[in-house]
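Summary of the model geometry
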Amino acid sequence: MKRKLVSMTLAVMMGLSLTACGSGGEDKPATDGANTAADDANSGADDAADDGAADDASTGGDSAEVANKDKPLVWFNRQPSNSSTGELDMAALSFNDNTYYVGFDANQGAELQGTMVKEYIETNIDKIDRNGDGVIGYVLAIGDIGHNDSIARTRGIRKALGTGVEKDGDINSDPVGTNTDGSASAVQDGSIEIGGKTYVVRELASQEMKNSAGATWDAATAGNAIGTWSSSFGDEIDVIASNNDGMGMSMFNAWSKDNEVPTFGYDANSDAVAAIAEGYGGTISQHADVQAYLTLRVLRNALDGVDIDAGIGTADEAGNVLSDDVFVYNEEQRSYYALNVAVTSENYQDFTDSTKIYEPVSKQLDATKSPSKKVWLNIYNASDNFLSSTYQPLLQNYDDILNLEVDYIGGDGQTESNITNRLGNPGQYDAFAINMVKTDNAASYTALLNQ
Ligand code: BGC
């Protein structure tokens, strides 16, 4: 009985702390939903109370007694959403009281990327139009037509360069295939006036870089595409834009470096940042160092039963804290978004190691208060450049600091089952971090946790 009381008190405290913190600083009224979920967690634990292990959700003992459906869950990098409409999958995002998404601000980053390209063109206008035809031609590598981050980046480029056309109230993000004559309907010719002269801006070609097995954001496919494009209209290509650095670097190495065509990517992977010294045009840091921290930190806080904002917007005991110029929390979407920074020839020296821990959140947690916990974490595609060369190494740096023992599972980038098959025994873990293949497929994972 006494144990039951302790357990209930903890659950109520957890509920309160969640209530207080979920707002990223603002006060939020306690909702029925929060209370019910907290009560559920509690009663799940109480079922097992008599054998003495009921209090674990927040105290750090053997996790076996917390129902999988009540364990902390973070989605990251691919936000549960409808891949056609972009609408958020709120059922997945609020699966339980301790469920969150961690990503970055896609619109802010997309705008930065578009502006970076536009400014480059303006500053380098005397040499950018390689064949002198008055048309600034660019090609665009699209990562995944059903991924809202990829869609935002395509829109950001088209918006900045004036090539976007409206579709359903937003800029059309469809690939055009080839458009050397400017007749495609998914884009239009833009124009840019520099020094009294007006240039046409044309999206000469764009394509989703998906390989035959179905993997998206595929760097090798982008390398092949630039080979095809350059052999038929290479002298018209003045700029290359890519939804990410993996594809951008593949195009740079295959063609644009030798031909001195500025290539712009996204992610600030170390190899892309280094390539800026060799003519790569620029990239965007999506602050993966902040995202990787947040991914594990929200789990840590939920496991410890402390305010979810601890070590995030509010300094923890060790002194870890993030300032509000590097992330935002959207309570309604239960989502943390890191903010982006443009990386160009001006500042790339500050970004040479993309796997370096972010100093303001680099302090070790005390293992007596945040004891070791087991986390199951998957990377949807073990060969994704950004996730494997930047994000996972960062997670591996943070897991020690946060006293989390993480099992990293690498998927094939094609099927959800390749990953879910390796979540055969969720009961072994205290918390889960999930990176889906397709943003529509959250239920493939939650179904396993609901069993
Ligand atoms: C990154 C891409 C990566 C994708 C995977 C994006 O945020 O920019 O490089 O391929 O995530 O989901």
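Since this is a predicted model, take the numbers as computed values, not measurements.

Reading guide: rules and limits
Residues numbered from 1 in each chain as written. Predicted model: local features only at pLDDT ≥ 70, side-chain atom pairs only at ≥ 80, totals over all residues. Helix = DSSP H or I, 4+ residues; strand = E, 2+ residues; numbered from the N terminus. Buried ≥ 20, exposed ≤ 12 C-beta atoms within 10 Å, placed from the backbone. Contact = placed C-beta atoms within 7 Å. Pairing = 2+ DSSP bridges. Axes fitted to C-alpha atoms, helices over the stretch in contact; angles between N-to-C directions. Near = placed C-beta within 6 Å. Nonpolar A, V, L, I, M, F, W, Y, C, P; charged D, E, K, R; others polar. Domains from an automatic or database assignment. Left-handed = near helix turned anticlockwise from the far one by under 90°. Right-handed = clockwise from strand over helix to strand, strands pointing away. Core = buried A, V, L, I, M, F, W, Y, C linked by C-beta atoms within 7 Å. Parallel < 35°, antiparallel > 145°, perpendicular 65-115°, else oblique.

Further remarks concern the overall build of the protein. A count of helical and extended segments in the protein gives 14 helices and 17 strands. Burial statistics for the protein: of 451 residues in total, 53% are counted as buried. Pairs at least 24 residues apart make up 71% of the contacts formed inside the protein by residues separated by at least 6 positions.

A word on the sheet that holds strand S17 (residues 431-434). Spatially, S12-S13-S2-S1-S17-S15-S16 is the arrangement adopted by the 7 strands of the open sheet, whose pairing is mixed. Each of the sheet's edge strands pairs with one partner strand only, and the pair in question is strand S12 (327-330) and strand S16 (404-410). Strand-to-strand, the axes of this sheet are offset by a mean angle of 20°, without reference to chain direction. Sheet topology note: the strand S15 (residues 373-379)/S17 ladder contains 3 bridges and is parallel. The residue of S17 that forms the bridge with Trp-376 is Phe-432. Contacting strand S1 (73-76), strand S2 (99-104), S12, strand S13 (335-338), S15, S16 and S17, helix H11 (residues 288-304) runs over the sheet at an angle of about 165° to S2.

Taken together, Asn-77, Arg-78, Gly-143, Asp-149, Trp-217, Asn-244, Gly-246, Tyr-266, Asp-267, Asp-384, Phe-386 and Leu-387 make up the full set of residues near the ligand. In terms of residue class, the shell around the ligand is built from 4 nonpolar, 4 polar and 4 charged. Each of domain 1 (68-104 + 288-450) and domain 2 (107-285) gives at least three residues to the shell around the ligand.

Let us look at the packing of helix H5 (residues 106-123) against helix H7 (residues 148-161). At their nearest, the axes of H5 and H7 sit 8 Å apart, and the two run at 35° to each other. Pair H5 / H7 crosses with right-handed handedness. From H5, Ala-106, Asn-107, Ala-110, Glu-111, Gln-113, Gly-114, Thr-115, Val-117 and Lys-118 reach across to H7, where they touch Asn-148, Asp-149, Ala-152, Arg-153, Arg-155, Gly-156, Ile-157, Lys-159, Ala-160 and Leu-161. Here the contact of H5 with H7 is composed, by residue class, of 7 nonpolar, 6 polar and 6 charged.

Here the focus is the pairing of S16. Sheet topology note: the S15/S16 ladder contains 7 bridges and is parallel. Of the residues in S16, the one forming a bridge with Trp-376 is Asp-407. Tracing the backbone out of S15, into helix H12 (residues 385-401) and back to the parallel element S16 gives a crossover that is right-handed.

What follows deals with the nonpolar core. Val-74, Leu-299 and Val-375 are the most contacted members of the largest nonpolar core, which has 66 residues in total. Counting residues per element, this core draws most heavily on H11, at 10 residues. A domain split of this core shows at least three residues from each of domain 1 (68-104 + 288-450) and domain 2 (107-285). For Val-74, the residues in contact, after removing those within four places along its chain, are Tyr-100, Val-102, Thr-295, Val-298, Leu-299 and Ala-433. Counting residues in hydrophobic clusters, the runner-up holds 49 residues, among them Val-117, Trp-217, Val-239 and Met-251.

A word on the packing of helix H8 (residues 219-233) against helix H9 (residues 245-256). Across the interface, H8 lies against H9 with an axial gap of 8 Å and an inter-helix angle of 45°. What the angle tells us is that H8 and H9 run oblique. For the pair H8 and H9, the sense of crossing is right-handed. Of H9, the residues touching H8 (which contributes Ala-219, Ala-220, Ala-222, Gly-223, Ile-226, Gly-227 and Ser-230) are Gly-246, Met-247, Ser-250, Met-251, Ala-254 and Trp-255.

Time to look at unusual backbone geometry. With a phi close to 70°, Asn-77 is a non-glycine residue in the positive phi region. In this fold, Asn-77 is placed in the loop between S1 and helix H4 (90-93). Phi is positive for Asn-403, close to 55°, though the residue is something other than glycine. When the 21 C-beta atoms within 10 Å are taken as the criterion, Asn-403 is described as buried.

Right, let's talk about the environment of Asp-218 for a bit. In this fold, Asp-218 is placed in the loop between strand S8 (197-208) and H8. For the pair Asp-218 and Ser-250, spaced 32 residues apart in the sequence, the C-alpha separation amounts to 9.4 Å. Look past the residues within four positions of Asp-218 in its chain and what remains in contact with it is Met-209, Lys-210 and Asn-211.

All right, on to the pairing of S13 then. Sheet analysis places S2 next to S13, joined by 4 bridges and oriented parallel. Within the sheet, the bridge partner assigned to Tyr-101 lies in S13 and is Ser-335. One ladder, built from 4 bridges, connects S12 with S13; its direction is antiparallel. When the sheet's bridge partners are listed, Asn-330 is paired in S13 with Ser-335. Connecting the antiparallel pair S12 and S13 is a turn made up of 4 residues, with Arg-334 showing a positive phi of about 50°.

Interpretation note: all reported values are geometric properties and have no functional meaning in isolation.
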